[in-house]
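Examination of the molecular architecture
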Amino acid sequence: MRLDEDKIQKHFSGKIFDIISSAADEMNLECYAIGGYVRDIFLYRPSKDIDVVTVGKGIDLAKAVANKIGKGVKLSVFQNFGTAQIKYKDLEVEFVGARRESYERGSRKPFVEDGTLEDDQNRRDFTINALAICLNKNRYGELLDPFGGLEDLENCIIRTPLDPDITFSDDPLRMMRGIRFSSQLGFDIEPETFDAISRNKDRIEIVSKERIIDELNKIVLSPKPSVGFLLLDKTGLLELIFPELVALKGAETKDGVGHKDNFYHTLSVLDNISLKTDNLWLRWAAILHDIAKPATKRWDNRLGWTFHNHNFIGEKMIPGIFRRMKLPLNEKMKYVQKLVGLHMRPVTLVEDEVTDSAVRRLLFEAGDNIEDLMILCEADITSKNQDKVRRFLKNFQIVRQKMKDIEEKDHVRNFQPPIDGQEIMDIFGLAPGAEVGRLKSSIKDAILDGIIPNEYEAAYQYLVKKAATIGLSPVK
Ligand code: CTP
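Keep in mind that what you see is a predicted model, and the values were worked out from it rather than measured. (Residues numbered from 1 in each chain as written. Predicted model: local features only at pLDDT ≥ 70, side-chain atom pairs only at ≥ 80, totals over all residues. Heavy atoms only, no water.)

We now examine the site of the ligand. The full set close to the ligand counts 14 residues, and R39, R124, D125, D171 and R180 are the nearest of them. Separating an oxygen atom of the ligand from a backbone N or O atom of D125 is a distance of 2.8 Å. At a separation of 3.5 Å, an oxygen atom of the ligand approaches a polar side-chain atom of K218. The protein chains hide 71% of the 560 Å² of surface that the ligand would expose on its own. Only α3 (36-42) and α8 (173-185) provide two or more residues apiece to the shell around the ligand. Element by element, the count of residues in the shell around the ligand is highest for α8, at four residues. A breakdown of the residues in the shell around the ligand according to their chemical character gives one nonpolar, three polar and ten charged. Here the shell around the ligand gathers at least three residues from each of two domains, domain 1 (5-155) and domain 2 (156-241). (Near = heavy atom within 4 Å. Polar contact = N/O pair within 3.5 Å; in protein donor to acceptor, adjacent residues only side chain to side chain. Areas by Shrake-Rupley, 256 points an atom, 1.4 Å probe, with all protein chains shown as cover. Helix = DSSP H or I, 4+ residues; strand = E, 2+ residues; numbered from the N terminus. Nonpolar A, V, L, I, M, F, W, Y, C, P; charged D, E, K, R; others polar. Domains from an automatic or database assignment.)

Right, dumping it as structure tokens:
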């Protein structure tokens, strides 16, 4: 089959493909664009990463191409892997010789031999990723699609080219990749392929945590992440890689009183928030906001089901989860912790009376993350009762307005108390100690509670009065 001229012109015009084509012809090498780049042409997802496979030495072709381009090209050769990479302008072209791979059970590292294009296509993960387009002049634009990848693309299907048990057992990361593609592209996983993931799920143990989290994060960033999470759950992979999330499942009833299934609720929150933000860490806050509900669930004869302090316990659980999953243990984690810890606060504001002092405290504690916190809280409303949803969202609007008014008036969002610890020590001739901390906090609290304005003179007067109650007076 030949691609229509337009598509070839659009994607394979330009210097780089002309040069690869003539270099390969001069060396008498068969040469193809292959894999994700070709798939993405049909998905109208322009890509700057091009994989080129040659029947012969990929490195030799890369060197010849780099020579022909001359100025502005960067060539890196990975002799051990038999690959080479060219960076030219904003393009990255990876060259590799066509290969045949065989695997041992305990490892993702294959035994590699030179092979034909067909061998190379056979070893690929999915039919849609096994498409190749010839770059040699006499067959330029010819599509080689031995497994019906184009049809699968048209029908939105993820399917392995060979027996799926072999494809997944060879490289179990592909189970995650299949689910990730399904979630990213909105494709269905073909039943045989799906069943093989369930059968081979335990093989995920030979895949490094880093590779797993890369794929999971791509699922988290997909347009409707619940698609991927539900597939992970149904295949049994989720239990293996993220048991805390599976533990949210189930809705118990006692004396006729039930609670919502927090697993499905969490996935709805994640889908909701994904309509509003592409911030990976805000999406993670949605995933983890109720993570401590199983640990804090109690039955109370008066109140029914309670999950007291699940926000704080959840905040504490996050470092353990991040460490195990190889998520970063830096300010990104702290940001997720902060949002999980605070996620009940705006709702409490709505339910109770919205006092200025409560709004000030929230603004102060959330600081620059206040908008993200509001996005999380709004996404957290997943009731099926539309009236209730509308009522909550309206109340959040009131809270937002109140925050705006108070911030304009009092500037408490990122405020530092106007008198710091050093100055307190100087004023009262104190040595560092708990006393200084207490006095400093009392100024902060007085400002947040609206007792004094956020100004130096008022803070000084208040401090002197406060210090007098514990027998301290200014030494200067
Ligand atoms: N591949 C594979 N098995 C893997 C990883 C990759 O068979 N575990 C093959 C596929 O043919 C894939 C190609 O290598 O298309 C390139 O892989 P990669 O660049 O990792 O992924 P893409 O498919 O290009 O997709 P994305 O860029 O979205 O990760």
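Turning next to the environment of A132. Of note, A132 is situated in strand β8 (residues 132-134). In this structure, A132 is in contact with Y32, A33, I34, L117, Q121, E142, L143 and L144, ignoring residues within four places of it in sequence. (Contact = heavy atoms within 4.5 Å.)

Quick look at the side chain of T160 now. Position of T160 relative to the elements: it lies in the loop between β10 (157-158) and α7 (164-170). A polar contact of 2.8 Å, which involves the side chain of T160, links it to the backbone oxygen of L162.

Tallying each qualifying case throughout the model produces zero disulfides. With no disulfide of its own, C31 lies 7.1 Å from the sulfur of C134, the closest cysteine sulfur. Judged by relative accessible area, C31 falls into the buried class, the value being 0%. (Disulfide = S-S within 2.5 Å. Buried < 20%, exposed > 50% of the residue type's maximum accessible area, 1.4 Å probe, protein only.)

Before going further, it helps to spend a moment on unusual backbone geometry. With a phi close to 50°, K89 is a non-glycine residue in the positive phi region. Tracing the sequence through the fold places K89 in the loop between β4 (83-88) and β5 (91-97). The backbone phi angle of C156 is positive, close to 60°, even though this residue is not glycine. Turning to its location among the elements, C156 is positioned in the loop between α6 (149-155) and β10.

What follows deals with the sheet that holds strand β9 (residues 143-144). The strand order across the open sheet built from seven strands is β3-β4-β5-β2-β1-β8-β9, with neighbouring strands paired in mixed fashion. Strands at the two margins of the open sheet, each flanked by one partner only, are β3 (73-78) and β9. Sheet strands in contact with helix α2 (residues 15-26) are β1 (30-34), β2 (49-55), β4 and β5, and its direction is about 20° off that of β5. (Pairing = 2+ DSSP bridges. Axes fitted to C-alpha atoms, helices over the stretch in contact; angles between N-to-C directions.)

Turning next to the environment of A286. In this fold, A286 is placed in helix α15 (residues 280-288). Placed 94 residues apart in sequence, A286 and D380 show a C-alpha to C-alpha distance of 7.9 Å. Beyond its immediate chain neighbours, meaning those up to four positions away, A286 contacts T266, V269, L270, I273 and L376.

That is the geometry; function is a separate question.
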